[in-house]
Amino acid sequence: MRLRTYALLASVSAAACAGTAAHAQSAAPQPGAAREFKIGARVAAFYDSNVSRSSVALSGARELSRSDYVLRPEATASIVQPLGRQMVFINGAAGYDFYRRNDDLNRRRYDVTVGGLGAVGPCAQTGTASFRAAQSDLGDVDLTTVKNLQKTMSFTAGVTCGRSVGPTVGLAVQRSDVKNSARTLKVSDSTTAGVSTSFGYRNPTLGTISAYYSYSETEQPNRIIIGRPVGDGFHVESAGVNVQRKFGSRLDVLAAAGAMRLTREFAPPGAPLKITGATYNGAATYRAGSRLTLSLNASRAFQPSATAGKLYDVTTRGDIGARYKLGSRFSVSLSQAVVDTKSNRDTALPGLVVTKSRTYSTAGTILYTQNQHASVAMDVRYDDRETDVPSFNYNAVRVGVTLAANF
């Protein structure tokens, strides 16, 4: 029971961390998870009407077929091993993407997180490492690049002290390294390191409230700009408040709001050195009985850009979703998302760069679960994107089926 409490406190503290920590947390098992050992396989096959994520003209210039059939086999693992008051885990998948018409997009893919959680006295310690690699989204690269394997290594460590009722204090450190295989995108290789701290209060009735402060530095050593031949970079300071509360057995709410200040190490003529703005993250889940679950999410975040010609992106996102159980084996899910991205324009780099985009996405899934070892999912997705560079405007339909088995 105490391990469960400490794990919950640690997860609340980790909510103050940005980027890499958020991903690691999402891949971690839930606090108090029981022992689990699942090794499995998953095969997805789908048709995509626009794998190039661009206009007809740009697809031709890139020598890509717009529509294609994709086969994605993967090996999966989900292992959780409690060790007294401690816990270790591994969670992830590794596989390969095979394209029928666009051989240049064939690429390995993996997303694996390993970590552990411990408890000593009133304090909980967490540590995670994640390793990810995949072909870059062609809607986020330049006009000519097609082949690019983007690899990310992230590490997070944190400690949170406090009881199930009363004050809490937390500290976390993170590091993330992003590497690109394409020569034209190596200018966007980056290293981000940061630290965050939080002070809060937890009560079973009122929920958990905490104030946080975080600081991170991002270096892009291959981004050479006029007047600074040693690379580029910036640091970000953020402060705000997190609130997490349950309203009965049906409604869960998580909200965070704060302010951010981004300071560049150097700026080319016409570009500001400092930018300030508001950040937020909110999520609500409502269980309307035993069959229907509704969810709502909204966020605004600053993050390093993975695209040449830009230093950072400001992404505002909103999602709404619903999941309905038709019985013990069938369930249906529907979702709608809107993503707005605004970016700086590095005036030292020539060429067309998308600095404004809006993407609407609608998705639906029918899931059949035979038992705890086997399932089949059929899904359809529609994306519609508008940008300030018409070559990257597109719409796409994806229809597929996924078979999964655990042993």
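Placed above this text is the structure.
Residues numbered from 1 in each chain as written. Predicted model: local features only at pLDDT ≥ 70, side-chain atom pairs only at ≥ 80, totals over all residues. Heavy atoms only, no water.

Visitor: Describe the state of the cysteines, naming the residues involved and giving the relevant values.
Guide: Across all of its chains, the model carries 1 disulfide by this definition. Across a sulfur-sulfur distance of 1.9 Å, Cys 123 and Cys 161 are joined as a disulfide pair. Taking the sign of the S-S torsion, about 105° here, the bridge from Cys 123 to Cys 161 comes out right-handed. Note that Cys 123 is positioned in strand 5 (residues 123–135) and Cys 161 in strand 6 (residues 149–162), a separation of 38 residues in sequence. When its relative accessible area of 16% is taken as the criterion, Cys 123 is described as buried. (Disulfide = S-S within 2.5 Å. Helix = DSSP H or I, 4+ residues; strand = E, 2+ residues; numbered from the N terminus. Buried < 20%, exposed > 50% of the residue type's maximum accessible area, 1.4 Å probe, protein only.)

Visitor: Outline a positive patch on the surface, listing residues and values.
Guide: On the surface, Arg 108, Lys 151, Lys 179 and Lys 186 cluster together into a patch of positive charge. Mapped onto the elements, Arg 108 comes out in strand 4 (residues 107–120). Look at Arg 108 and you get partly exposed, because its relative accessible area is 40%. (Patch = residues over 30% accessible without salt bridge, like charges linked within 9 Å, V, L, I, M, F, W, Y side chains within 5 Å. Areas by Shrake-Rupley, 256 points an atom, 1.4 Å probe, with all protein chains shown as cover. Salt bridge = Lys/Arg side-chain N within 4 Å of Asp/Glu carboxyl O. Lys, Arg positive; Asp, Glu negative; His and termini not counted. Charge placed at Lys NZ, Arg CZ, Asp CG, Glu CD.)

Visitor: Quick one: what's the story with unusual backbone geometry, residue by residue and with numbers?
Guide: Not every positive phi belongs to a glycine, and Arg 53 is a case in point at roughly 50°. Here Arg 53 shows up in the loop between strand 1 (36–48) and helix 3 (56–61). The exposure class assigned to Arg 53 is buried, which follows from its relative accessible area of 13%.

Visitor: Report on the side chain of Thr 263, specifying residues and quantitative values.
Guide: Along the polypeptide, Thr 263 turns up in strand 11 (residues 251–264). For Thr 263, a relative accessible area of 11% corresponds to the buried category. In this view, Thr 263 contacts Phe 234, His 235, Leu 273 and Lys 274; residues no more than four positions away in its chain are not counted. (Contact = heavy atoms within 4.5 Å.)

Visitor: So what's going on with the pattern of salt bridges? Residues and values would help.
Guide: Considering all chains together, one arrives at 14 salt bridges under this definition. In this structure, Asp 319 and Arg 317 form a salt bridge, with 2.8 Å as the shortest nitrogen-oxygen distance. With relative accessibility at 37%, the residue Arg 317 sits in the partly exposed group. Shared partners join several salt bridges into a network, and the residues in it are Arg 72, Asp 97 and Arg 109.

Visitor: Outline the nonpolar core, listing residues and values.
Guide: The biggest cluster of nonpolar side chains holds 11 residues, and these are Phe 46, Val 51, Leu 64, Val 70, Tyr 99, Leu 105, Leu 138, Val 141, Val 146, Ala 182 and Leu 185. Those residues within four positions of Leu 138 in sequence are excluded, and the remaining contacts are Val 51, Ser 52, Arg 53, Arg 62, Leu 64, Leu 105, Thr 145, Val 146 and Phe 392. (Core = buried A, V, L, I, M, F, W, Y, C linked by side-chain atoms within 4.5 Å.)

Visitor: I'd like to hear about the environment of Val 230, residue by residue, with values.
Guide: Structurally, Val 230 can be placed in the loop between strand 9 (207–220) and strand 10 (232–247). The exposure class of Val 230 is exposed, given its relative accessible area of 61%. Along the sequence, Val 230 and Gln 220 sit 10 residues apart, while their C-alpha atoms lie 9.3 Å from each other. With sequence-adjacent residues up to four places away left out, Val 230 is seen in contact with Pro 221 and Ile 224.

Visitor: Provide a residue-level description of a nonpolar patch on the surface, including the pertinent values.
Guide: On the surface, a cluster of nonpolar side chains totalling about 930 Å² of accessible area is made up of Val 43, Leu 71, Tyr 96, Phe 98, Tyr 324, Leu 326, Phe 330, Ile 366, Met 378, Val 401 and Leu 403. Looking at the nonpolar patch, the elements that each hand over two or more residues are strand 3 (86–99) and strand 18 (394–406). With respect to the element layout, Leu 326 can be found in the loop between strand 14 (312–325) and strand 15 (330–343).

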